[in-house]
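Summary of the model geometry
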Amino acid sequence: MDVRPPVPGPPQGTGPAVKAEVIPAVPEVLEGQVIPPRPVPLRVIGTAARHPGVRAAGRHLMYVPAGAAVVTMRLWDSRTAGRYERWMRAAEAAGDLDKVLALEERLAGFRRDRHERRVDMIEVPARLLLQLPKLAFSVFLLLAGTGTLLAIATRHLANAAVPLQVTARAVALAIMVVSVAWGPLLLAVPWVAAGALYWAGRAAASAGTGPAWMATSADPDTDTSIDETTIAAALAALRIPQIGDYLKQGVPLQYLTPCRRDGRGTHAVIRLPAGVPAERVARRRSDLAAGLYRLAKEVWPATGTEAAILDLWIADKGALEEGAGPYPLLAGGGTDVFKGLPFGRTLRGDPVRIPVTGRNTICGGIPEQGKSSAARVIAAGYTLDITTEIRIYIPDTNFDFEVLRPRCSRYVMGAEDEHIEAIAGELEELKDELQARGQLLVDREQPEVTRHLAATPGLHPVLVLLEEAHVAIQHKKHGRDIAGLLCDIVKLDRKRGVHVMVSTQAPTKDSMPRDVTRNCSNGIAFAVGDHVANDALLGQGAYAAGHRATELIPGTDRGTALCKGLSGQRSEMVQVHFLPVARGNDQVSPLVGWALDEMARHGRPVPGTGTPARAVEARDLLADLDAVMDGPDRVRLADLPARLRNLAPAWGPYKTMTRIDLDALLGREGVRTTNTGNILRLDPADLRDALARRAEWGE
């Protein structure tokens, strides 16, 4: 409330006191307009319109007009020269003048045929009207003649009218049938037409050829057709003056290889206008990918046979999501390190073998992107060549390579100072060993180790894997020594049969010496954080030239790496095989077991050690089956391989045995199996009969 000061009056003490006047406060007045509440029916309609079911129903209803649009377009193409004009524009954009001329001839023929059809449509009705009296008179003569012959044959004159009567009744019956069916047919025609239009619209929406408004967020992303016109538009969008001026003249780009399918994408070879090197386009790979509606990693421009020839490969959308597939040697088989090792496959889907002899490898990326898995794949390849030695050093404690320990001659794991010191000692010993290997080559007058020389003691192939190399190199006490030893080793090892692989999360100048990165011919770059790490793995200037592992998305592109040195290209995207080692899903231990079995079979120790691989074990399949089958009941053949593996887990043939393999082996042994309900079973009685026969025959 308002309190006003007292009204002036006589001085205090000379008259009656005057009290302060209290006046109620006036409330503040707000200007505005009162909006009435939204009517309930409108809220109900809005809520219903947002319901997924209502939206789906609306989309299905719109398939009918969409189908009508599709059918109309098809009729338009069939009646006009629109499709020929589209084909001619595409051929002109591709620079295929012969195809343009051929299409012009076909277009002229189409127009000539269309004119003849239109003339026939005008003339045919007149011709039919002229022939109608003749046709009617001919039918009358036929019926009259037939009636006359019938009357003569039956000797009844009345039978002469029978053919005319039969014809009249047939016409009356036909009119009655049509009058009865006409109504339902008229009612059914709109529904049949609506159904046909619905399916045409739905098929167009599923194929991605329908109107854009029919697509929903749940529908898969439709792919943009990659052709000569699309590529020309994307190159024009780069705003390179020479390309823009060339296209403004109306002259199409010259395609040495027109767009064609190549693996999981599209390949084209283009001669660029004068003054535009292909490297200039390659540097703007991200901009080119935007014009092609692709991710940057899905577009690979490269220099062709000349500086101005652009070799362009564009992956299908989502090609990276397919992965590299299973490791190709899981079912068995060995490798030869002198011929390269299975590593993964390109975006095209082609297998990739990584060369290892005469090379060193650096592998890096931010954590959890696949660098340890890539190192494990290379180590698995060395494992399957029984002439190679494997040495693994891990300045950390993890399980990534533990299953490879039985195949290794040296294995150091741990982050403690004594383990780092042991790694430094191992590298010092390797440096001295390289000098001894060099002397062996001098004695044999050979410049480098070959497959033939690899059989010489002291010249066998060796893999040296330093995992988490940055931890060892940045160690306070031994880091400087390890860095210096690595630099000396990678400069000398390649011709002497030693392959060094370093794996790191942070390939910077402090965590990885430049002499190491410069002497690694193979570079494997998973997703990295900046251009410094990118160039450390792929070579100086790789980022500026458009070879950027920074464009790989962490998590999304896990297992995908940008690699150098694996082929004749400056770099290529590779999806690396994945070999898990977790308990219950271990794919590496069977490979190690196979290698040890092969060494034992050939009487070889584990290379680099004097330890025998393991004694060759002989097993009797029928006796083992008898041991694992308890009781007189028949056993499913599919259950027996697992029982055999539990009985003899180290026996190689049992590790990969399947029901089909076991059935074939039992057939060769003469053991009968039964098939009940399409399930193969083995009866213990049949098995023991086979054992008894073998004992009787003395086998």
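Whatever comes next refers back to the structure up there.
Described below are features of the structure shown in this document. Because the structure is predicted, anything quoted here is derived from the model rather than measured.

1. What to know about the overall build of the chain
Along the chain, the regular secondary structure elements total 21 helices and 19 strands. The proportion of buried residues among the 699 residues of the chain is 39%. For the chain, long-range pairs separated by at least 24 residues make up 63% of all intrachain contacts whose partners lie at least 6 apart in sequence. Accessible surface computed for the chain: about 39500 Å², of which carbon and sulfur atoms make up 58%.

2. A few points about the pairing of strand β7 (residues 341–346)
Across the 6 residues of β7, 5 count as buried, placing the element largely inside the fold. Note that β7 and strand β8 (residues 351–354) share 4 bridges and pair antiparallel. Bridge pairing links Pro-342 to Arg-353 in β8. Where β7 hands over to β8, the hairpin turn is made up of 4 residues, of which Gly-349 adopts a positive phi near 100 degrees. Of the strand pairs in this sheet, β7 and strand β16 (residues 572–576) are connected by 3 bridges, and their pairing is antiparallel. For Arg-345, the partnering residue across the bridge sits in β16 and is Gln-575.

3. Description of the sheet that holds strand β19 (residues 679–682)
With antiparallel pairing, 3 strands are arranged side by side in an open sheet as β17-β19-β18. The sheet is open, and its two edges are formed by β17 (635–636) and β18 (674–676), each paired on a single side. Pairing analysis gives 3 bridges linking β18 to β19, with the strands arranged antiparallel. Considered in β19, the bridge of Thr-676 is made with Ile-679.

4. Focus: the side chain of Arg-496
Among the secondary structure elements, Arg-496 is positioned in the loop between α13 (479–492) and β13 (498–504). Asp-493 provides the closest opposite charge to the buried, salt-bridge-free Arg-496, at an N-O distance of 7.9 Å. Other than its neighbours up to four places away in sequence, Arg-496 contacts Leu-434, Gln-435, Arg-437, Gly-438, Leu-441 and Val-449.

5. Observations concerning helix α11 (residues 417–443)
End to end, α11 covers 40 Å across 27 residues, agreeing with the expected 39 Å (1.5 Å per residue, within 8%). Here α11 has its buried residues at Ile-420, Ile-423, Ala-424, Glu-426, Leu-427, Leu-430, Glu-433, Leu-434, Arg-437, Gly-438 and Leu-441. Its buried side turned inward, α11 meets β10 (389–394), β11 (410–413), β12 (462–466), α13 and β13. The positive-phi residue at the C-terminal boundary of α11 is Glu-445, with phi of around 55 degrees.

6. Focus: the packing of helix α17 (residues 621–628) against helix α18 (residues 640–647)
Closest axis-to-axis distance for the α17/α18 pair is 10 Å, and the angle between their directions is 95 degrees. It follows that α17 is roughly perpendicular to α18 by the angle criterion. Where α17 approaches α18, its residues Leu-621, Asp-624, Leu-625, Ala-627 and Val-628 are matched on the opposing element by Leu-640, Arg-643, Leu-644 and Leu-647. Its residues assigned to classes, the contact of α17 with α18 shows 7 nonpolar, no polar and 2 charged.

7. A few points about helix α15 (residues 531–538)
Of all 8 residues in α15, 6 are buried; the element is thus mostly enclosed. All of the buried residues in α15 are Ala-533, Asn-534, Asp-535, Ala-536, Leu-537 and Leu-538.

8. Topic: the pattern of salt bridges
By the definition in use, this model includes 21 salt bridges. Here Arg-410 makes a salt bridge to Glu-429, at a shortest N to O gap of 3.1 Å. Of this pair, Arg-410 sits in strand β11 while Glu-429 sits in helix α11, and the two are 19 residues apart along the sequence. The class of Arg-410 is buried, set by a relative accessible area of 18%. Taking the relative accessible area as the measure of exposure, Glu-429 reaches 40% and is therefore partly exposed. Ionic pairing is found between Arg-518 and Asp-515, a salt bridge with its closest N-O pair at 3.8 Å. Here Arg-518 pairs with Asp-515, and both are found in helix α14 (residues 514–518), just 3 residues apart, close to one helical turn. Beyond isolated ion pairs, a larger network of salt bridges with shared partners links Glu-389, Arg-391, Glu-433 and Arg-437.

9. Quick word on the packing of aromatic side chains
Enumeration according to the criterion identifies 0 aromatic pairs in this entry. Its end group placed over the ring of Trp-300, Arg-285 keeps NZ or CZ at 4.2 Å from the ring centre.

10. A few points about the packing of α17 against helix α20 (residues 659–669)
Where α17 meets α20, the closest approach of the two axes is 11 Å, and the angle between their N-to-C directions is 115 degrees. For the pair α17 and α20, the crossing hand works out as left-handed. Of the residues in α20, those in contact with Leu-621, Leu-622 and Leu-625 of α17 are Leu-662, Leu-665, Leu-666 and Glu-669. Of the residues belonging to the contact of α17 with α20, the class tally is 6 nonpolar, no polar and 1 charged.

11. Thoughts on unusual backbone geometry
Despite not being glycine, Arg-239 has its phi angle at roughly 60 degrees, a positive value. Within the element layout of this structure, Arg-239 appears in the loop between α6 (228–237) and α7 (241–248).

12. Quick look at a negative patch on the surface
A contiguous patch of negative charge, built from Glu-416, Asp-417, Glu-418 and Glu-421, is present on the exposed surface. If you trace the backbone, Glu-416 turns up in the loop between β11 and α11. A residue is classified by how much of its surface remains accessible, and Glu-416, at 36% relative accessible area, is partly exposed.

13. Considering the sheet that holds strand β14 (residues 522–525)
As summarised here, the arrangement of the 10 strands in space is β8-β7-β16-β15-β14-β9-β13-β12-β10-β11, forming an open sheet in which the pairing is mixed. At either margin of the open sheet sits one strand with a lone partner, and together these are β8 and β11. Mean inter-strand twist for the sheet, computed between neighbouring axes without regard to direction, equals 25 degrees. Across 5 bridges, β12 lies against β13 in parallel orientation. Across the sheet, the residue bridging to Leu-463 is His-499, located in β13. Helix-sheet contacts for helix α10 (residues 371–383) involve β7, β8, β9 (361–364), β10, β12, β13, β14 and β16, and the interaxial angle to β7 is about 135 degrees. The strands touched by α15 within the sheet are β9, β14 and β15 (560–564), with β14 carrying the most contacts at an inclination of about 150 degrees.

Thresholds, definitions, all that
- Residues numbered from 1 in each chain as written.
- Predicted model: local features only at pLDDT ≥ 70, side-chain atom pairs only at ≥ 80, totals over all residues.
- Heavy atoms only, no water.
- Helix = DSSP H or I, 4+ residues; strand = E, 2+ residues; numbered from the N terminus.
- Buried < 20%, exposed > 50% of the residue type's maximum accessible area, 1.4 Å probe, protein only.
- Contact = heavy atoms within 4.5 Å.
- Areas by Shrake-Rupley, 256 points an atom, 1.4 Å probe, with all protein chains shown as cover.
- Pairing = 2+ DSSP bridges.
- Lys, Arg positive; Asp, Glu negative; His and termini not counted.
- Salt bridge = Lys/Arg side-chain N within 4 Å of Asp/Glu carboxyl O.
- Expected span 1.5 Å × (residues − 1).
- Axes fitted to C-alpha atoms, helices over the stretch in contact; angles between N-to-C directions.
- Parallel < 35°, antiparallel > 145°, perpendicular 65-115°, else oblique.
- Nonpolar A, V, L, I, M, F, W, Y, C, P; charged D, E, K, R; others polar.
- Phe/Tyr/Trp six-rings, centres within 6.5 Å; stacked < 30°, edge-to-face > 60°.
- Lys NZ or Arg CZ within 6 Å of the ring centre and 35° of its normal.
- Left-handed = near helix turned anticlockwise from the far one by under 90°.
- Patch = residues over 30% accessible without salt bridge, like charges linked within 9 Å, V, L, I, M, F, W, Y side chains within 5 Å.
- Charge placed at Lys NZ, Arg CZ, Asp CG, Glu CD.

As far as function goes, none of this settles anything; it's purely spatial.
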